[in-house]
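Notes for the structure review
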Amino acid sequence: MRWSNYFIPTLRETPADAEVVSHQLLLRAGCIRQLAAGVYSYLPLAWRVLTKIMNIIREEMDRIGGQEFHLPALHPAEIWRESGRWEVMGENMFRLKDRRGADLCLGMTHEEVFTAIARNELRSYKQLPQVWYQIQTKFRDEPRPRSGVLRVREFIMKDAYTFDLDWEGLDKSYNDQREAYCRIFDRCGLQYIIVQASSGAMGGSESAEFMVLTDAGEDHIALCHHCGYAANTEKATSRLPEVEDGDGLPRPEPFPTPGVRTIKDLEDFPDGAPAERQIKTLAYVINGELTLVLLRGDHELNETKLADATGATELRPGHPEEIKQALGAYPGSLGAVGVTKFRIIADRALKGRRNMVTGANRDEYHLRGVDVERDISVSLWTDLRTVKTGEGCPQCEGGTLEVRKALEVGHIFKLGTKYSESMGATVLNEEGKEVPIVMGSYGIGVERIMASAIELYHDEDGIIWPMPIAPFQVILTPVNIGERDQAEAAERLYRQLTEGQIEVLFDDRDERAGVKFKDADLIGIPVRITVGPKRLKEGQVELTVRRTRETRVVALDAVLDAVHELIAAEMAFFQQVGSRT
RNA sequence: CGGGGCGUAGCGCAGCCUGGUUGAGCGCGCUUGAUUUGGGAUCAAGAGGUCGGCGGUUCAAAUCCGCCCGCCCCGACCA
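The notes below deal with the structure included here. Please read all numbers here as calculations on a predicted model, not as lab measurements.

**What to know about the sheet that holds strand 17 (residues 343–347)**
Sheet strands line up and pair through hydrogen bonds in the backbone, either parallel or antiparallel. The mixed open sheet is built from five strands, whose spatial order is 16-14-15-17-20. Edge strands, defined here as strands with exactly one partner in the open sheet, are strand 16 (315–317) and strand 20 (380–382). The mean inter-strand angle of the sheet, taken between neighbouring strand axes irrespective of direction, is 30°.

In structure tokens form, the structure reads like this:
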């Protein structure tokens, strides 16, 4: 490819509204342009990268017996109504009507459509297992698109679905996918971690996320370096030291707390209590019902855990006015002692605690001497708190957890029979009995692989593409294309490299060397061949590795071999760093 | 949706508070010519703008007011 007639609109300055590195560099390197909030056009350079990523995914899916499909992005409402998700997906789903007024939507994911095919066509256990996948555009009307290409409303997803006769079959399919995912991310050169995850709206029994550690990510994961425990904080638990409470009081005792609004206020209050002796009372509206949620004062609620524990489809903090009306006090003086009209859900860390302090449901009053189990009628004890760095690992003795930010690039689910039952996808088993198909579902965010590679590998000059997904392997840069011998040598090299199956971008622009070097660095091509006057006189050129800046001088007739060697070395480097950390 | 910010040439910005001397400006980029040519050259001459939109106030609006649209960031969602 010749740069002079290839479209790479590089930018010297960083566009003002790009915050994360991958967004800035994708824009500057002429890879993407924004069309609307969370909607991006991929220009030729980015499309080459995405194509390479998709090819790696394809190869690994095919290797475990995956069959590639291409399903519609436009779905009739009926199948979503059948699975129950027409309601569940709420505002996140793009909905539209056709000319007759029939409801349609743009596909957010494809459990429904694949299951519809499965139920119509799969009849016998003999046809199982099936591994079906596609690489296709998904639409999600995100409440807040952000971070460039990391969180968007239209994106490319590899989604796969497995269909098995039983749970043992699913275990194998799930494991195959898991291993394929490892190979995919390894081959793309990503450093990633596999964590236990919440299944959320997808449903099912078990799920794992593939996470790239980066501050650009929006997830928080808890890691134990001692035993390797890793979980999304939506799921992670931890060990806490025992608290000695003493005897407490025979019954809760109210006391005035003027001006106290927060846990912190009550800690500082003369008659107050340290946060770990307080009960934090939160009022949530869960599926339309006011619910009290109790945690230790110094603990933080994880809303996903609350949603998972209650099966909530709609969940929000109560408004001050509705809380006042229901409980008789505003937030700041809320408590659950004596409350029977509302459901009370408590975090396990409160179990057995005595002599605690909590709001009295009377503004500016609190109760002390509260024995949680004696004084509060808790209807559900469960894990609700968000783990923090430094807490004990739930899996091993000596370890402590570290919480870090991460970006989700893949998610695998054991769905079980959720969709096959709601949509009636069954087969006859060996005994001739009709049984629901046991399903799994598996997703990869293709653009997120591209973006996280940039987050992981860049420097102040630009992108450093991992060789396996680089848009071109080599950039060929004559210092001065106006000099006849340089131009001719570069042309010869270009022909030779192209014939040698090297993906080469020939920077044949009549620009000054500095401009071409800066652009080459910015767009991150792994190997640069510089054709300059001094070396050329000796019949030589320079090969520079973008990642290390190492340069070596090579004779013209040895370039092809040297390039092959460097490509192999860079490939190897990224396969090796790109293993699980 | 709640909170904050922004919208002036392809990109980055100034001007707005205190309306008119601004025929809307600066840097980069772009076009043409010359000189240059190993890390974003220099000089010269140019092209490029509904100041997000609509309405209002005013003799006069990029500037003041209202509504709308769009974008970014922080919070609740996910690949």
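Further notes follow.
**Points about the protein's contact with RNA strand B**
Taken together, 52 residues are adjacent to RNA strand B, and Arg12, Ala37, Arg144, Arg151 and Asp521 come closest. Each atom of RNA strand B within 4 Å of the protein was assigned to sugar, phosphate or base; sugar and phosphate come to 48%. Within the side chain of Arg12, a nitrogen or oxygen atom sits 2.5 Å from a sugar or linking oxygen of RNA strand B. In this structure, Gly410 approaches RNA strand B through a main-chain N or O atom, which is 3.4 Å from a sugar or linking oxygen. Sorting the residues of the surface near RNA strand B by element identifies strand 1 (32–36), strand 8 (154–164), strand 21 (401–416), helix 14 (513–523), strand 29 (527–531) and helix 15 (533–537) as the ones contributing at least two each. A total of seven residues in the surface near RNA strand B trace back to one element, the largest contributor, which is helix 14. Class assignment of the residues belonging to the surface near RNA strand B gives a composition of 19 nonpolar, eleven polar and 22 charged.

**Structural notes on the nonpolar core**
Ile53, Ile57, Met61, Phe185, Phe210 and Trp465 are the most contacted members of the largest nonpolar core, which totals 69 residues. With nine residues, the single largest contributor to this core is helix 2 (residues 44–63). Taken domain by domain, this core gets at least three of its residues from each of domain 1 (43–71 + 107–236 + 403–455) and domain 3 (465–577). The residues contacting Trp465, other than those within four sequence positions of it, are Leu26, Val49, Met450, Ile454, Ala470, Pro471, Ile523, Gly524, Pro526 and Phe574. By size, the runner-up hydrophobic cluster in this structure holds 27 residues, among which are Ala116, Leu415, Ile437 and Met439.

**Re unusual backbone geometry**
The phi torsion of most residues other than glycine is negative, and most of the peptide bonds are trans. For the bond running from Leu128 to Pro129, omega is 0°, close enough to zero to count as cis. With respect to the helices and strands, the residue Pro129 is situated in the loop between helix 5 (111–121) and strand 7 (130–139). Residues other than glycine seldom take positive phi values, yet Asn287 does so here, at roughly 45°. Among the structural elements, Asn287 can be located in the loop between strand 14 (279–286) and strand 15 (289–296). Its relative accessible area of 40% is what places Asn287 among the partly exposed residues. In this model, Gln501 sits at a positive phi of 65°, which is unusual for a non-glycine residue. As for its placement among the helices and strands, Gln501 is situated in the loop between helix 13 (484–499) and strand 28 (504–506). For Gln501, a relative accessible area of 67% puts it in the exposed group.

**Here's the deal with the sheet that holds strand 6 (residues 103–106)**
Taking strand neighbours across the sheet as the criterion, the three strands line up as 4-6-5 in an open arrangement whose pairing is antiparallel. Lying at the two open borders of the sheet, with one neighbouring strand each, are strand 4 (74–76) and strand 5 (95–97). On average, each strand axis in the sheet is tilted by 35° relative to the strand beside it, whichever way the strands run. Here strand 5 runs beside strand 6; their pairing, made up of three bridges, is antiparallel. Paired with Arg95 across the bridge in strand 6 is Cys105.

Rules behind the numbers
- Residues numbered from 1 in each chain as written.
- Chains lettered and ligands numbered in written order.
- Predicted model: local features only at pLDDT ≥ 70, side-chain atom pairs only at ≥ 80, totals over all residues.
- Heavy atoms only, no water.
- Pairing = 2+ DSSP bridges.
- Helix = DSSP H or I, 4+ residues; strand = E, 2+ residues; numbered from the N terminus.
- Axes fitted to C-alpha atoms, helices over the stretch in contact; angles between N-to-C directions.
- Near = heavy atom within 4 Å.
- Polar contact = N/O pair within 3.5 Å; in protein donor to acceptor, adjacent residues only side chain to side chain.
- Nonpolar A, V, L, I, M, F, W, Y, C, P; charged D, E, K, R; others polar.
- Core = buried A, V, L, I, M, F, W, Y, C linked by side-chain atoms within 4.5 Å.
- Buried < 20%, exposed > 50% of the residue type's maximum accessible area, 1.4 Å probe, protein only.
- Domains from an automatic or database assignment.
- Contact = heavy atoms within 4.5 Å.

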